[in-house]
Amino acid sequence: VGDGTRLPFGDGTFDAVASAFLLRNLTELEAGLREMARVTRPGGRVVALEFSPDCNPMWRPVFEAYSRRVIPWLGARVAGDRLAYAYLPSSVAGFLDCQAVSQAMRRAGLRPLSPRRHLLGSVTVHRAVKP
């Protein structure tokens, strides 16, 4: 448990920093990205897996129904906490599209690479290199 904007590691400690479904939960996205960049060595990678609000329009209704109904139900069954997973649809809808995430990475001092979209665009792997 810790603060994603104040990681307890020295500058350039890691070859890569990876996160899954973290970015949209940061209250200060660019501060978190700057911190990821800080602890990554020059030439290292920052990789973030995230749900995408700008997924394929044909797939969006299915993804939204799944995230509104199935994920909270699974959270209740598996983790015993439906409410911990009920926030998902609104957090995804309020998150940035791929281009905006790339721009935030650039402002944080990273060189974004092309995002890789999966599951009909509902999930994106955002990638960047620390110069």
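Look a little higher up for the structure.
What you see is a predicted model, and the numbers here were worked out from it, not measured in a lab.

Cut-off values and rules
- Residues numbered from 1 in each chain as written.
- Predicted model: local features only at pLDDT ≥ 70, side-chain atom pairs only at ≥ 80, totals over all residues.
- Heavy atoms only, no water.
- Phe/Tyr/Trp six-rings, centres within 6.5 Å; stacked < 30°, edge-to-face > 60°.
- Buried < 20%, exposed > 50% of the residue type's maximum accessible area, 1.4 Å probe, protein only.
- Pairing = 2+ DSSP bridges.
- Helix = DSSP H or I, 4+ residues; strand = E, 2+ residues; numbered from the N terminus.
- Right-handed = clockwise from strand over helix to strand, strands pointing away.

A. Quick peek at the packing of aromatic side chains. In this structure the tally under the stated criterion is 3 aromatic pairs. Between Phe9 and Phe14, the ring centres sit 5.0 Å apart and the planes meet at 80°, which makes this aromatic pair edge-to-face. For Phe9, a relative accessible area of 39% gives the class partly exposed. Relative accessible area serves as the criterion here: at 28%, Phe14 is assigned to the partly exposed category.

B. Spatial organisation of the pairing of strand β1 (residues 14-20). Here β1 pairs with strand β2 (residues 40-51) via 6 bridges, running parallel. If you follow Ala18 over to β2, its bridge partner there is Val47. You can see the chain leave β1, run along helix α1 (residues 29-38) and come back into β2, and the turn it takes is right-handed.

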